[in-house]
Amino acid sequence: MPTDAGEKQKIQQSSILRLATRWLEKVAEYFAGEVTDRRSRLVLLYLTAFFLTLLIIPSPQFLSVNYREGDIATSDIRATQDYLIEDLLLTEKKRAEAEGTAPFVYSLDANANIEIIRRFDDALRLIREKKDQPDGGRLAVASALSLEVSPAEFAALCRIRQERPFLSELGRHLAPLYRQRIVADAVRFASDRRHGILVIDQGTKQEVAGGDYSTVVDLGAVRRQAASLKFSQFTHPGDLQAVRGVVQRMISANLTYDRDATDDKKAEARAAVRPVLFRMKRGEMIVRVGERVSAEQALKLEKIFKTRSVTPLLTGVGIYGLVLVLSYALYRFGRKNIRKFNPTGKDILLLSLLTVVNFAILKLVFAVSTALGGLFPGVDTASYFYLFPFAASAIIVRIILNSEVALVYCAVCAPLTGLMLNNSLQVAVYALLGGVVGAHGVRQCKERGTIYSAGIKVSVVNMAVALCFHIYGDSPFSMQAVYCLLFAFFGGIINAVYVSGTIPLIEALFQYTTDVKLLELANLNSPLLRELMIRAPGTYHHSVLVGNLVEAGAEAISANPLLARVAAYYHDVGKLKKPQYFIENIGDGENRHDKLSPSMSALILISHMKEGVELAREHRLGLPIIEIIRQSHGTSLISYFYLKAKGMETPGSPPVDERDFRYPGPKPQTREAGLVLLADCVEAASRTLTDPTPARIQGLVQKIINNIFIDGQLDECELTLKNLHEIAKSFNTILSGIYHHRIDYPEPAYKEHKENKIGKRGPEDCDSEPPKADNGREEGTSKGGAEDLRRLGMS
């Protein structure tokens, strides 16, 4: 039991990591299942789109707070788009000015005198018709004249006997008076005229063109003129005076102020003034957390609040749909048009988790950059975008999976990133280029330093893009440009650091095997290979030779040499369980299969594959290595024990079933797995050659490959006939180097030679003569030397 606290903590951490790995494996197995593959992937797509929507949607969209002047802001608020905001104060000022310059409208009644005559005519007619009434029709006459009529005035009107002459005489008196422009208040009219007037005809409602309104007459003056009017029908002074009084009161202004029309003109002038607008740029900081909202800020916030025509729910639905369409469309394009784009269920799970985590980190960094804007006001907040690790996730996908998946991943994430960061097209372009360059930079990641080399490449491209954006924005070269270039450079380094810290975690949790991990596994001093070397030295030596063969073959057909070599090292690791049951580890000892039935021997040989898979999982070798271990023997026949069992058949006994002597498979699914199968068989068979000349080696390789091909073991991998030809040539080269011939040394190996006259040895005797022994030991050495050499290596 461990007593040290640090050791206990390490055991706990290891247990937690093991549990997390098992849980992720269970989830990955579910999403990679054949029955529910499509359904589970759709579920994963919907969940990923949901979480991305929560991250992408602008936070002000979910704020129901409408700030007023004097309120304290509870969060930083930026403009999520470009806004044109009306300056209410300035607009109102301009509208008031326009309203003040609108003309006063006066209405000109050209038929005012005729109207007076008509009303007198109606009054005289009523007098005739209503004379039998008790009041003689005085009230009706007053209504017709539109004024109060006294009894004396009514009596005077009743004494008019000749109506037509009276009306004609009245018309002659009124005509010269109404040829003038009569106004109710000459002083006010003069003031209005200086401001500007508009005269319209009362009947047609049209503007009266021209006219001199400087000689208007006040209504009081006209009525005073009417006091001297004379009518021939009246002989009695009292009647004449009464009728004059009625005519005076009936005379009214024919040029009157039209309040309603004036108000309409003011409204038209006010409406003609367009709102005064100022532009609020996207990403502009409106108010920072903790600040008191000013009048101008309240105006901007109110504009954002009012222009939000859609509800937050509809905004979220729109973003959710965009994420779904963008992800699914590009995924289908990759599946149909890109040969190597075939992510498994576990790959899609990794992509989903990586995307959500990466967007969450970007959202967090975005919030931090907003806070930095208050601490460092001299640096534009948008400049901090160049520091963001946009390319990190694409680099990780390229290292873990392949370049095809990384390219599609960039195409999906770049526009969504721009959408999240203030709908910025520049961010989308910056993220896309950085991701593509970063993924290209780690295309042959054989060591951790390659990641930092890719980070430098990303830095260079980031600086070029930042400079182009600065020139495109028509901005002068200033300190902001320097900040952008510096941030762009360090942004690439940040991407490299981020990737370096994330890759080991992903390898541990998801059991992925990268090229860097393969290089670590290729170390022959790794614990599993050292154990194999000690407990099963023959298998170890065989695996190393198979590794040399498959590496040469993989290079010949442009496969993955590193993966093939490492898989070859571990393909027979299951023989560690029962090493003495395999011929390469028996040596001169007893063959334990001599005491077993052929079927039992076949079961032991077949079991090493399953045990190898278990050891590989236990030592976290990764899924590619595990799959090649499972496929390294395909469904090939264990011919030695099968033929032995056939030879032991007796009449009447059940026939030997060939399936009992075949490996369970599956057959090789990749070129690397096919190479391991071929090299395993060729290397094992090459040891049976008594005289391994190049011709015999070539014939053996050709025979083995043909037999494997005819047996159908290569039907499910992508090896072509041309590939098989190149593989055979590489195998011939390697085996010929292993079994090369040496010259026969003469017996004994060491013999004495005489020195030549000049005291030098010939070139053929450079290392043949042993050092001279002492006289006391010379005899013992000559007698027992050969026997001692024969005992070397014997137990």
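Residues numbered from 1 in each chain as written. Predicted model: local features only at pLDDT ≥ 70, side-chain atom pairs only at ≥ 80, totals over all residues. Heavy atoms only, no water.

*Asks:* Sorry if this is basic, but what is going on with the overall build of the protein here?
*Replies:* Across its full length, the protein holds 31 helices and nine strands. Taking contacts inside the protein between residues at least 6 apart in sequence as the whole, the part at least 24 apart equals 77%. (Helix = DSSP H or I, 4+ residues; strand = E, 2+ residues; numbered from the N terminus. Contact = heavy atoms within 4.5 Å.)

*Asks:* Is there a simple way to think about the packing of helix 22 (residues 537-557) against helix 28 (residues 671-686) in this case?
*Replies:* The geometry of a pair of packed helices is captured by two quantities: the angle between their axes and the separation between those axes. At a minimum axis distance of 9 Å, the contact between helix 22 and helix 28 shows a crossing angle of 130 degrees. It follows from the interaxial angle that helix 22 and helix 28 lie oblique. At the point where helix 22 passes helix 28, the crossing takes the right-handed sense. Residues H542, L545, V546, L549, V550, G553, A554 and I557 of helix 22 pack against R671, L675, V676, A679, D680, E683 and A684 of helix 28. The class makeup of the residues in the contact of helix 22 with helix 28 is 10 nonpolar, two polar and three charged. (Axes fitted to C-alpha atoms, helices over the stretch in contact; angles between N-to-C directions. Parallel < 35°, antiparallel > 145°, perpendicular 65-115°, else oblique. Left-handed = near helix turned anticlockwise from the far one by under 90°. Nonpolar A, V, L, I, M, F, W, Y, C, P; charged D, E, K, R; others polar.)

*Asks:* What should I look at first to understand the sheet that holds strand 7 (residues 255-257) in this one?
*Replies:* Within a beta sheet, neighbouring strands are joined by backbone hydrogen bonds and run either parallel or antiparallel to one another. On the basis of which strands lie adjacent, the open sheet formed by three strands has the order 5-3-7 and mixed pairing. Edge positions in the sheet fall to strand 5 (197-201) and strand 7, since each has one partner strand and no second. On average, adjacent strands in this sheet sit at an angle of 35 degrees to one another, irrespective of strand direction. Looking at chain direction, strand 3 (residues 104-108) and strand 7 are connected through three bridges and run antiparallel. Of the residues in strand 7, the one forming a bridge with Y106 is Y257. (Pairing = 2+ DSSP bridges.)

*Asks:* Sorry if this is basic, but what is going on with the environment of I395 here?
*Replies:* Examined against the element boundaries, I395 turns out to sit in helix 15 (residues 392-400). Overall, the relative accessible area of 1% leaves I395 in the buried class. When residues no more than four places from it in sequence are discounted, the contact partners of I395 are G438, A439, V442 and V499. (Buried < 20%, exposed > 50% of the residue type's maximum accessible area, 1.4 Å probe, protein only.)

*Asks:* I keep staring at the packing of aromatic side chains and nothing clicks. Help me out?
*Replies:* Note on aromatic pairs: each is described by the distance of the centres and the angle between the planes. Summed over all chains, the structure comprises 17 aromatic pairs. Taking the centre distance of 5.7 Å and the plane angle of 65 degrees together, the rings of Y106 and Y257 count as edge-to-face. Within this pair, whereas Y106 is found in strand 3, its partner Y257 is found in strand 7, the two being separated by 151 residues in sequence. Owing to a relative accessible area of 4%, Y106 belongs among the buried residues under this scheme. Classification of Y257 by relative accessible area gives partly exposed; the value is 23%. Their ring planes at 45 degrees and their centres at 5.8 Å tell us that F366 and F385 sit as a pair that is tilted. (Phe/Tyr/Trp six-rings, centres within 6.5 Å; stacked < 30°, edge-to-face > 60°.)

*Asks:* What's the story with a positive patch on the surface in this structure? I'm lost.
*Replies:* A grouping of R38, R332, R335 and K336 is seen on the molecular surface, where their side chains present a positively charged patch. With three residues, helix 13 (residues 312-337) is the single largest residue contributor to the positive patch. For R38, the position within the fold is in helix 2 (residues 37-56). Overall, R38 belongs to the exposed group, its relative accessible area being 58%. (Patch = residues over 30% accessible without salt bridge, like charges linked within 9 Å, V, L, I, M, F, W, Y side chains within 5 Å. Areas by Shrake-Rupley, 256 points an atom, 1.4 Å probe, with all protein chains shown as cover. Salt bridge = Lys/Arg side-chain N within 4 Å of Asp/Glu carboxyl O. Lys, Arg positive; Asp, Glu negative; His and termini not counted. Charge placed at Lys NZ, Arg CZ, Asp CG, Glu CD.)

*Asks:* Is there a simple way to think about unusual backbone geometry in this case?
*Replies:* One can expect most non-glycine residues to show negative phi and most peptide bonds to be in trans. A cis amide bond, omega 5 degrees, links G665 with the succeeding residue P666. With respect to the secondary-structure elements, P666 resides in the loop between helix 27 (639-647) and helix 28. Positive phi, normally seen in glycine, also occurs at S146, with a value near 65 degrees. Looking at the secondary structure, you find S146 in the loop between helix 5 (138-145) and helix 6 (151-158). Looking at S146, the relative accessible area reads 56%, which means it is exposed.

*Asks:* What is the right way to look at the confidence of the model for the protein in this model?
*Replies:* Reading predicted coordinates in detail is not appropriate for stretches of low pLDDT. With 84% of its residues at a pLDDT of 70 or more, the protein shows a mean pLDDT of 81. Note on residues 30-36: pLDDT under 50 across the span, and 12 contacts to partners over four residues away in sequence or across chains. When the criterion is pLDDT under 50, residues 60-64 qualifies, and its contacts beyond four places in sequence or with other chains add up to 12 contacts. (pLDDT = per-residue confidence, 0-100.)

*Asks:* Just checking my understanding: could you explain a nonpolar patch on the surface for this structure?
*Replies:* On the surface, I456, V460, L486, F489, F490 and I494 cluster together into a nonpolar patch covering about 510 Å² of accessible area. Elements supplying a minimum of two residues to the nonpolar patch: helix 18 (449-472) and helix 19 (479-510). The dominant element in the nonpolar patch, judged by the number of residues it contributes, is helix 19, at four residues. Mapping I456 onto the fold places it in helix 18. Taking relative accessible area as the criterion, I456 reaches 40% and is therefore assigned partly exposed.

*Asks:* Any chance you could explain the packing of helix 4 (residues 112-129) against helix 5 here in plain terms?
*Replies:* Put simply, helix 4 and helix 5 touch, their axes get as near as 8 Å, and they point 170 degrees apart. Relative to helix 5, the element helix 4 is oriented roughly antiparallel. Side by side, helix 4 and helix 5 meet where R119, F120, D122, A123, L126 and I127 of the first sit next to A140, V141, A144 and L145 of the second. Residues belonging to the contact of helix 4 with helix 5 are distributed by class as follows: eight nonpolar, no polar and two charged.

*Asks:* In this structure, what is going on with the side chain of S543? I would like to understand it.
*Replies:* The topology assignment puts S543 in helix 22. On the basis of relative accessibility, which here comes to 1%, the residue S543 falls in the buried class. Residues contacting S543, with those up to four places away along its chain left out, are L532, A568, Y569, H571 and D572.

*Asks:* In this structure, what is going on with the side chain of T91? I would like to understand it.
*Replies:* Mapped onto the secondary structure, T91 falls in helix 3 (residues 88-100). Contacts of T91, omitting those with residues within four sequence positions, involve E86, P275 and V276.

*Asks:* Would you explain helix 23 (residues 561-570) in this entry?
*Replies:* Quick reminder: α-helices carry 3.6 residues per turn. Residues three or four places apart thus point the same way. For helix 23, the tally of buried residues reaches 10 of 10 residues, placing the bulk of the element in the interior. What helix 23 keeps buried is the set P561, L562, L563, A564, R565, V566, A567, A568, Y569 and Y570. For helix 23, the elements touching its buried residues are helix 20 (515-521), helix 21 (527-535), helix 22, helix 26 (623-631) and helix 28. Looking at where helix 23 begins, the residue whose side-chain oxygen comes 3.2 Å from the main-chain nitrogen of L562 is N560. (Polar contact = N/O pair within 3.5 Å; in protein donor to acceptor, adjacent residues only side chain to side chain.)

*Asks:* Help me understand the pairing of strand 2 (residues 83-86), please; the structure alone is not making it clear to me.
*Replies:* Here is the key point about a regular strand: its side chains alternate between the two faces of the sheet. Of the two faces of strand 2, only the one carrying Y83 and I85 is buried; L84 and E86 on the other face are not. Both strand 2 and strand 8 (residues 277-280) contribute to a ladder of four bridges, which runs antiparallel. Counterpart to I85 in the pairing with strand 8 is F278.

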